[in-house]
Structure formats: C-alpha cells, structure tokens
Amino acid sequence: MSKTINVFFLAAEADPFIKVGGLGDVAGVLPRELRALSNDDLKLDVRLVLPYHPVVKAENLRPLEPFSIQRGDSEVQVEAFETVLDDMPVYFIGGEPIRANGSVYSLDASRDSEKYAFFSLAAMELPRYINWQPDVVHANDWHTALSIYVNLTKRWEAGAKHVAGVVSLHNLPFMGADVGGILESYGIKLAQTDLPEWARVLPLPLGLWASDAIVAVSPGYAGEVLTEEFGCGLQEFLGQRRETLSGILNGIDTVSFDPATDKAISVNYNLDTLKRRAENKELLQEKLGLARNPDIPLLAIISRMDVQKGVDLAFTALKNMKRIDFQAVILGTGDPKLEETARELQNLFPEKIKAELRFDAKLARQIYAGADMILMPSRYEPCGLAQMIAMRYGCVPVVRAVGGLKDTVKQDETGFVFEKMHHMSLVSAIKTGLKTLPDHEKWESIQRAGMATDFSWESSAREYLKLYQSLVK
Ligand code: GLC
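Let us look at the structure shown here. (Residues numbered from 1 in each chain as written. Predicted model: local features only at pLDDT ≥ 70, side-chain atom pairs only at ≥ 80, totals over all residues. Heavy atoms only, no water.)

## Brief notes about the packing of aromatic side chains
Overall, the coordinates contain 10 aromatic pairs when judged by the stated rule. Ring centres of phenylalanine 8 and tryptophan 132 lie 5.7 Å apart, and the angle between their planes is 50°; this geometry places the pair in the tilted category. One end of the pair, phenylalanine 8, is in strand 1 (residues 3-10); the other, tryptophan 132, is in the loop between helix 3 (109-130) and strand 7 (136-140), and 124 residues separate them in sequence. Using a relative accessible area of 0% as the deciding quantity, one classes phenylalanine 8 as buried. Tryptophan 132 sits in the buried class, given a relative accessible area of 7%. Ring centres 4.8 Å apart and planes at 50° place the aromatic pair tyrosine 52 and phenylalanine 81 in the tilted group. One end of the pair, tyrosine 52, is in the loop between strand 2 (42-51) and strand 3 (62-63); the other, phenylalanine 81, is in strand 5 (residues 74-85), with 29 residues separating them in the sequence. (Phe/Tyr/Trp six-rings, centres within 6.5 Å; stacked < 30°, edge-to-face > 60°. Helix = DSSP H or I, 4+ residues; strand = E, 2+ residues; numbered from the N terminus. Buried < 20%, exposed > 50% of the residue type's maximum accessible area, 1.4 Å probe, protein only.)

## Comments concerning the pattern of salt bridges
One pass over the full model with this rule turns up 27 salt bridges. The shortest N-O distance in the salt bridge between aspartate 258 and arginine 392 comes to 3.6 Å. With a gap of 134 residues between them, aspartate 258 in the loop between strand 10 (245-247) and helix 9 (277-288) and arginine 392 in helix 13 (residues 386-392) connect regions that are remote in the sequence. Look at aspartate 258 and you get buried, because its relative accessible area is 18%. We note a salt bridge from arginine 292 to glutamate 286, for which the minimum N-O separation is 2.6 Å. (Salt bridge = Lys/Arg side-chain N within 4 Å of Asp/Glu carboxyl O.)

Listed below in structure tokens is the structure:
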C-alpha cells in the first residue's frame, strides 16, 4: 500500500493568486513541485493555505462552511474558501482581521500582527472542517510562523497526534510585532521559552522555538544566521537548534523563465542560438531610449528598491563610473528615497541611465534577455532569485558574496563576486566584467555556464521531501 504524507503549507502570498516578492514565487511553485514527486510508493498531498487578502485574484472559489474561533468572550468568524491549482487543493482564509487590512503587508506592525495571528490560528482549525489531517505543517516567515507555535500547543493536548512543524526562513530580520496580548486573547498561553527575552512575544521566534525543523532558503544563509552579523540576535538560540537547521536552495520556475519560449521577449534563443540574444539587447536599448549599440555594455538592476538589496550601493557605484562607457537600466519600486536617488541618477546621466520605477514583469524579462550584466550588491540575501533567472537568460550576475548569491554564482565561471559592502568593491567587480566582455569567447563561456546550470525546483523539492520523511518517521 502506498504511504501518504499530508503537508499543510502556509504562506502570506503565492503566485498566481497574489505575489509581492520572492516568497510569492516560492510558495507559488514549491507545493506543486512537491506534489509532482508523488509516485506509486509515496503520495505527497501538499495543500496550500493563503489569507484571503482583498487583493487576491482567484477564480472559482468554493465557499466552505464558515466556522469561528474564540477570542475572549466573543467569536471571530472565519470564512474559508477552496479552489484547485493543477490538482492541488488551495484554501483561503478570510475574516474581519484580514479584510481590515487591504494590502498583503502594511506599514502598521500591530495591524499586520492582528491579521497574521488570526490567519495562523484560523488556518490551524481548518483541517478539522475539511476532514483531512496534516502530518506536517510548513510555515514560511513570520506571517505564518504562529501556526507552528499553535501546532505545538495542540500537541500538549491529551491524545493529540504528532504533527511535525517546519519553518522556512526567507527573511530573518522580519520577526513580526509583539503578539503576547493577541495570543492571550485567543486563549493561547505563552510558553517559557529559551528565546532571548525580547523575542519571547514575537511570531517568528515563537514559531522557530516550536518547530521540529528550520529551513533557510540557501545553505549559505543557514550558516550565516548562526553569526552575529546575520543572526539578528537569534544566533545563539539558533546555534542551540543547529541540528534541526538546514539550508535548501530555492529553485526558479524554469518553464516560465526560459529564453527559448518566453513570449515576453522579442527574440527567443537557447544555448545553440545564443548569438541571437544580441538582437534583444538592441531592441531593449531602443525601448529604453538609449543609444542602440551592441558594443556599449548594458548593466541592469532589477530589484525592490530596498536597502537589503544594496541598491543604494549600486547607485553610488554607477555615479562613480563617470569615465566609463556603459548604459544602465534600473527597474523596480520601493523605498521612496531610493526611487528618488534613481531618478536623480537618471537626470545626471540621461544618456546612460534609465530609471523605470515600477513593477513590470514583462520589461524585467526583456532586461534579463538583453542586458549584459545584472548587479546584486545585497547586504544580506537569504537566497535571491534574480541572479538565477538572469543566468538562465545569459545575463551575467555581479553579486556580493552573501547567502544564496554566494551559493549560486561562481567567480569567473558564471559571474563576478565581491566581498566588501563598499561601492568601490562593486565598481571593481563591474570593471572585471567590463574587461571580460569584449573577449567574446570568454564571455560566452560564462553565459553558457550560467544558462546550463540547473536551477529547477526538482532537486530542492526532493530535499524538502527527505526532510518531511525524516520528521514523520
Ligand atoms: C526573500 C529573500 C530572498 C529570497 C526570497 C524567497 O524575499 O529576501 O533572498 O530569495 O525571500 O525565498
């Protein structure tokens, strides 16, 4: 008889329903990739649960029987919906605390805490109502981490079945705000934890504390979170949990991100027809209003405008390259101050630099398919997806040696890597790239090595499967 592992996968966002950042990419693909590993001996029944944000785009939602959860003397209504995505059941949890807060993430930490605490608690009640019991609850980041805490408190109930709890770390510095009072109002006790005192009331640390396994989204980041520089004050606690901490590199959606078939780009190409890529560069230059010239290096920044991503450093670097012949395109939105700096840069060098300060998935693909290099000088980078997408399109990454960037980009083989968080280190890495670029043979070999690297989800999904198996044994 075949064995089944039931996995309840919780996230704040998942493509194609709602996507704000990299978490949405991962939660949109990984659950389905896991299901695809099912075979005659083992069935992986992974089901995705998302908050029913007012901005969610979903069709054919089937309302489930509403239920409620107790809060103090009153009850909070939970509206649950079900749909399917490629055969995978997907559940949405709605209710007042989720409706009250229009966007996926707000700047109001206490409102976000209300919303995600409600979501995590309500989601953990759902299995009862759909008559399906998880073997593993898999939460992602602070937003859903409380589900793992609740999973543990349920384990303390008499006769409770052991359900394993996993937390994936996509971004450790975001831990959520004090939920001590909120948990108490829902009748959930705060345990005596060995967390640092300040962390004992925060959703992410509570989830980590209650988990059976912690997964960082790259092996590099798994090592870094144990250090003072990247551990955000939890390094000692995580050090004590070292045996349960691992790193599994994210994949990318290699079907969607494929220069051979991508409909968003003008000229499709693959390893055999790499020469054709040059046409995309010229069309991109034209579209951006830059000089159409195959010999001028075209640099790209495709990123949230966020200090995490080091875009400020990239801007300073570009500003310091006055005497160098290059073009650059900046695509993304975010911090208004950084957007302003990008605009200033464009005004300073109108012939060279274009700032496209918006979310534009199509232009992003055209840039991957046309630009020579992408800059990713991140302060920290749990995994990073853009460098992998860029490599798949033959756009050579220039990255800082942190987290997933360090794990995925090999100096001189698939890209250019620098260590120090200083704009001159970035400038010197860019210059190494610019010196290599005219050597077509060498450049192509770098492009080819990147394009040939396997960044598909399958091997990562297999590692998650192994982890699940070890937890349900
Ligand atoms: C977060 C991290 C990024 C990672 C993504 C998906 O956005 O900052 O490095 O790639 O999550 O895991």
